[in-house]
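# A structural walkthrough
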Amino acid sequence: MTALEPGVELELIDRAQAGSVDAFEKLVLSYQDRLYRFLLVRASNRADAEDVLQDTFVAVFKYLPSYRRKYRFSTWLFTIALRQLGRQHGQRAESAASPDSIASPNSGPEQVGIESEQRSSLWQMAKSCLGESQFTALWLFYIEDMPLVEIGTVMKRPTSWVKVNLMRARRRLSKELESHQLKPVVSRKEVTL
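How each quantity is defined
- Residues numbered from 1 in each chain as written.
- Predicted model: local features only at pLDDT ≥ 70, side-chain atom pairs only at ≥ 80, totals over all residues.
- Heavy atoms only, no water.
- Salt bridge = Lys/Arg side-chain N within 4 Å of Asp/Glu carboxyl O.
- Helix = DSSP H or I, 4+ residues; strand = E, 2+ residues; numbered from the N terminus.
- Buried < 20%, exposed > 50% of the residue type's maximum accessible area, 1.4 Å probe, protein only.
- Axes fitted to C-alpha atoms, helices over the stretch in contact; angles between N-to-C directions.
- Left-handed = near helix turned anticlockwise from the far one by under 90°.
- Contact = heavy atoms within 4.5 Å.

### A short note on the pattern of salt bridges
For the structure on display, the rule yields six salt bridges. We note a salt bridge from Arg69 to Asp14, for which the minimum N-O separation is 2.2 Å. With a gap of 55 residues between them, Arg69 in the loop between α3 (46-63) and α4 (73-89) and Asp14 in helix α1 (residues 6-17) connect regions that are remote in the sequence. A salt bridge links Arg34 to Glu144, with the nearest nitrogen and oxygen atoms 2.7 Å apart. A residue pair is termed long-range when its members are at least 10 positions apart, and Arg34 in helix α2 (residues 21-40) and Glu144 in the loop between α6 (132-142) and α7 (148-155) qualify at 110 residues. Taking relative accessible area as the criterion, Arg34 reaches 22% and is therefore assigned partly exposed. Through salt bridges that share partners, Arg15, Asp22 and Lys26 make up one connected network.

What follows is the structure, encoded as structure tokens:
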């Protein structure tokens with residue numbers, strides 16, 4: 001399912017907070033794939049990622065009345081997911097799953113294979129050479145397209161920390177790619193200071 005328009009999302013949240021199971025189901029369908037990919041590269045295996053995904057949506061349902069519009073819904077959701085993952089696996093969850101499954105579903109088979117191999121190599125290298133915090137910040141920035149302020153909210157860090165760690169993560173990943181004689185990382189968007 002594609003991302004919801006902000007007005008539609010807020011309407012669904014209001015209805016879900018009022019007790020509409022249908023509205024909550026639409027919110028779940030809207031976010032489940034993105035959240036699953038986010039958890040898949042952090043969990044020990046697919047089953048753990050699925051368990052954390054389910055636990056996350058149970059917690060979201062339970063705490064939905066306390067959701068404040070001051071934060072984007074996605075920020076609140078990813079924060080809960082990270083907490084659930086931390087509860088299940090301790091402070092540092094290791095990834096056994098490959099990001100192969102995050103290739104664009106609208107591409108042809110050949111393109112899916114190429115994208116899958118490139119993403120897998122890049123994200124596996126990032127996972128191996130970066131710490132969990134830098135890897136998470138990089139994922140939220142590039143894959144989830146979250147603004148710096150929201151990444152800070154999800155990770156419970158100041159925005160300045162996010163900026164510095166994104167810069168350090170890109171540098172470290174570029175050096176690692178160069179040492180393997182691969183093309184250095186070129187950011188698709190710049191972090192404004």
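### Remarks on the packing of α2 against α3
Across the interface, α2 lies against α3 with an axial gap of 10 Å and an inter-helix angle of 145°. Here α2 runs over α3; the crossing is right-handed. Only Arg46, Ala49, Glu50, Val52, Leu53, Thr56, Phe57, Val60 and Phe61 of α3 make contact with α2, whose side of the interface consists of Phe24, Val28, Tyr31, Gln32, Leu35, Tyr36, Leu39 and Leu40.

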